[in-house]
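# Structural description and commentary
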Amino acid sequence: MPGFELFSDLERNEVNDVLQSGVLMRYGFDGMRNGHWKAKELEKQLEQQLQVKHAQLVSSGTAAVSVALASAGVGAGDEVIMPTFTFVASFEAIMMLGAVPVLVDIDNTLTLCPNKVKEAITPKTKVIMPVHMCGSMANLEALQDICKAHNLILIEDSSQATGATYKGKPLGSIGDLGCLSLDFVKIITAGEGGAVLTNNEDYYRHADHYSDHGHDHVGNDRGAETHPFLGYNFRISELHAAVGLAQLKRLDEFVSIQKKNYTIIREALSEVSEITFRTVPEGGVESYSFLSFFLPDSEIATKVSQTFNANGVDACWNYYNNSWHYIREWQHLKNIKSLYPISEEVKNGLNYLQSKTFEQSDHYISRNISCLIKLSWTEAEVEQRALKMVEAIKSNL
Ligand SMILES: *Cc1c(COP(=O)(O)O)cnc(C)c1O
């Protein structure tokens, strides 16, 4: 990760197709487009590779989460359970619909803790939304059981784990809905873009219409389309879809490069007995986009992180004080800094964040270091990096 490291003629040729016809819009203009339907083609390819009946492309991963929630009928006052460790997009997408994000602890998988999820369920809960952070997954079987028992919807945010599988199925294809991001730093990039995945016909129809002003997309004449319900514009462009199409065809290649690089570093780190690795749920296979491990305490993790920085071991993070990915620094959510008025219902729904502490999440995040696995490293670079990492860790134990 990220896929842009290995741009090639494949991406350039797909983009050229679009520029030659001149149609950058994914719908309509049938006569002009010279047979090129990059967004439609990418959706078919996603359906095939990620083993779902339907994929709906949208303008971003954040949009994918909002569209998925809207498609499942989530709105004013509904509660959506999400993890404390994710990307700010998770709560943004929930807030946008007037729903309430309910933050729940993670466990040693670095994703939603099923026991803590159970404790957080209220009569207002509508969705459980695990986020498969840093290339690995939540215990989906446990979450599915909870959803069944409480009649809840399971939405997977698989933005950081495209290419990983759970019990033989691609992540994003297992919940009622799945979300992918194709932004610039993800394993498969379109520049900007996202996708909603589902096997549910109604959710798919909703996502298809909602992401394009509510248009029903019936027939070839845009002017004759009707609007069964309100929608907005979350469309992807043909240019973005063209890049995404070339990249998706290379997903298996990217995952195998990541696996190779990950394995070299993991084997080196395994010699340090004080290190433990994140837990991957039984039946899970990572996308190897990150290597995440725990140090004995937070002090050591901070020092190791500093030594990594000083010694040029880049792209490794301790997320404890990170303002993009962890609850501790999300003041703008805790204090609801909004440009426009927020409903009393949502304000009240978020009151718990003023006092709630997340000791279990702190316990894991403060001791964790997650290292991005790049696609462009040479084998010599990976080996060098592994040595430097072991040295930096040992010097701080
Ligand atoms: C990147 C990301 C998103 C948002 O995707 P964008 O395409 O950048 O909007 C959502 N969730 C997670 C976990 C992400 O990493």
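Residues numbered from 1 in each chain as written. Predicted model: local features only at pLDDT ≥ 70, side-chain atom pairs only at ≥ 80, totals over all residues. Heavy atoms only, no water.

Going by this rule: UniProt positions are given in the numbering used here, feature names are shortened, and annotations may be inferred rather than shown by experiment.
Going by an unreviewed UniProt entry, the protein chain carries the name DegT/DnrJ/EryC1/StrS family aminotransferase and comes from Wocania arenilitoris. Quoted verbatim from the Sequence similarities (unreviewed entry) heading of the UniProt record, the comment on the protein chain is "Belongs to the DegT/DnrJ/EryC1 family."

## Details of the UniProt feature "active site" (unreviewed entry) in the protein chain
Formally: A run of H or I in DSSP counts as a helix once it spans at least four residues, and a run of E counts as a strand once it spans at least two, with each numbered from the N terminus. We call two residues contacting when some pair of their heavy atoms lies within 4.5 Å.
In the numbering adopted here, UniProt assigns the feature "active site" (unreviewed entry) to Lys186. Its place among the elements puts Lys186 in the loop between strand 8 (177-181) and strand 9 (194-198). Setting aside its immediate chain neighbours within four residues, Lys186 contacts Met1, Pro2, Gly3, Ser159, Gln160 and Ser181.

## So, the layout of surface pockets
Basically, it comes down to this: A cavity here means a set of points on a 1 Å grid, drawn over the protein atoms and nothing else, where a 1.4 Å probe fits but cannot get out; a pocket is an open set with protein on both sides within 12 Å along at least five of seven lines, and a residue lines either one if it has an atom within 4 Å of a point. Grid points are joined across faces, edges and corners, and a volume is the space filled by probe spheres set on the points. When residues are sorted by character, Ala, Val, Leu, Ile, Met, Phe, Trp, Tyr, Cys and Pro go into the nonpolar class, Asp, Glu, Lys and Arg into the charged class, and all the rest, Gly among them, into the polar class. Boundaries of every domain are those given by an automatic assignment or by a domain database.
Empty space within the largest pocket amounts to approximately 600 Å³. Together, 27 residues line the largest pocket, and Phe87, Gln160, Val185, Lys186 and His325 are the ones closest to its centre. No other element matches helix 3 (residues 61-71), which puts three residues into the lining of the largest pocket. Split by residue class, the lining of the largest pocket holds 14 nonpolar, nine polar and four charged. Looking at the lining of the largest pocket, you find at least three residues from each of domain 1 (3-250) and domain 2 (252-395). Among the elements of the structure, helix 3, helix 4 (89-96), helix 11 (331-334) and helix 12 (344-350) are those that each provide at least two residues to the lining of the second largest pocket.

## Quick look at the pairing of strand 12 (residues 290-294)
Condition: Think of it in three bands: residues with accessible area under 20% of the maximum for their type are buried, residues over 50% are exposed, and the middle band is partly exposed, with areas taken using a 1.4 Å probe on protein chains only. Strand pairing is defined by DSSP finding a minimum of two bridges between the two strands.
Counting buried positions along strand 12 gives five out of five residues, so the element sits mostly inside the fold. Of the two faces of strand 12, the one holding Phe290, Ser292 and Phe294 and the one holding Leu291 and Phe293 are both buried throughout. Pairing geometry for strand 10 (residues 276-277) and strand 12, over two bridges, is antiparallel. Across the sheet, the residue bridging to Phe277 is Phe293, located in strand 12. In terms of strand pairing, strand 12 meets strand 14 (residues 368-372) through five bridges, oriented antiparallel. Of the residues in strand 14, the one forming a bridge with Phe294 is Asn368.

## Observations concerning the site of the ligand
To keep it simple, the criterion reads: By convention in these notes, a residue is near a molecule or strand provided one of its non-hydrogen atoms lies within 4 Å of it. Here a polar contact is taken to be a pair of N or O atoms separated by no more than 3.5 Å, where protein atoms must pair a possible hydrogen donor with a possible acceptor and residues adjacent in sequence count only if both atoms sit in side chains. Using the Shrake-Rupley algorithm and a 1.4 Å probe, accessible areas are obtained, with residue cover drawn only from the displayed protein chains. What decides whether a molecule sits in a cavity or pocket is whether more than half of its atoms lie within 2 Å of the grid points.
Taken together, the neighbourhood of the ligand is formed by 14 residues, with Gly61, Thr62, Asp157, Asp183 and Lys186 sitting nearest. The contact in question runs from an oxygen atom of the ligand to an N or O atom on the side chain of Thr62, over 2.5 Å. At 2.9 Å from an oxygen atom of the ligand is found a side-chain nitrogen or oxygen belonging to Gln160. For the ligand, the accessible surface in isolation is 380 Å², of which the surrounding protein chains cover 93%. Its atoms largely coinciding with the cavity grid, the ligand occupies the largest pocket.

## A few points about the packing of aromatic side chains
Each pair of aromatic rings is reported with the distance of its centres and the angle of its planes. Inclusion rule: Two rings from Phe, Tyr or Trp (for Trp, the six-membered ring) form a pair when their centres sit within 6.5 Å of each other. Planes less than 30 degrees apart are called stacked, planes more than 60 degrees apart edge-to-face, and all others tilted. Two limits define a charge over a ring: the Lys NZ or Arg CZ must be within 6 Å of the ring centre, and within 35 degrees of the ring normal.
Per the stated rule, a full pass over the model turns up ten aromatic pairs. On the numbers, 4.2 Å between centres and 5° between planes, the contact of Phe4 with Phe184 is stacked. Taken together, the positions of Phe4 in the segment before helix 1 (9-21) and Phe184 in the loop between strand 8 and strand 9 put the pair 180 residues apart, joining distant regions of the chain. Members of the aromatic cluster, each reached through a chain of ring pairs, are Phe85, Trp317 and Tyr319. The cationic tip of Arg328 hangs over the ring face of Tyr320; the distance from NZ or CZ to the ring centre is 3.9 Å.

## Points about the nonpolar core
What counts here: The criterion is simple. A nonpolar core is a set of buried Ala, Val, Leu, Ile, Met, Phe, Trp, Tyr and Cys residues joined through side-chain atoms within 4.5 Å.
Counting residues in each nonpolar core, the largest one holds 128 residues, and the members touching the most others are Leu269, Phe293 and Phe308. At nine residues, helix 9 (residues 251-269) tops the list of elements feeding residues into this core. Here this core spans two domains, since at least three of its residues come from each of domain 1 (3-250) and domain 2 (252-395). The contacts of Leu269, once residues within four sequence positions are left out, are Ile275, Phe277, Leu291, Phe293, Met389, Val390 and Ile393.

## Concerning a nonpolar patch on the surface
In plain terms, the rule: In this analysis, a patch consists of residues with relative accessible area above 30% that form no salt bridge, clustered at 9 Å for like charges and at 5 Å for the nonpolar side chains Val, Leu, Ile, Met, Phe, Trp and Tyr. In what follows, salt bridge is the name for a side-chain nitrogen of Lys or Arg lying within 4 Å of a carboxyl oxygen of Asp or Glu.
Together, Phe7, Phe184 and Val185 make up an exposed nonpolar region whose accessible area comes to about 280 Å². Assessed through its relative accessible area of 44%, Phe184 is described here as partly exposed.

## So, the domain arrangement of the protein chain
Our working rule: Once two parts are put together, the accessible area they lose, assessed with a 1.4 Å probe and summed over both, is termed the buried area.
Domain annotation of the protein chain identifies domain 1 (3-250) and domain 2 (252-395). One C-alpha centre belongs to domain 1, the other to domain 2; they are set 23 Å apart. Counting from both sides, the interface comprises 49 residues of domain 1 and, opposite them, 49 residues of domain 2. Both sides of the domain 1 and domain 2 interface together cover about 3,900 Å² of buried area, and 63% of this is carbon and sulfur. Among the ionic pairs, Arg250 bridges to Glu253, the shortest N-O distance being 3.5 Å. Counting the contacts that link domain 1 with domain 2 gives 22 residue pairs in polar contact (both at pLDDT 80 or more). Counting only elements with at least two residues in the side of domain 1 that touches domain 2, the list comes to helix 4, strand 3 (100-104) and strand 6 (165-166).

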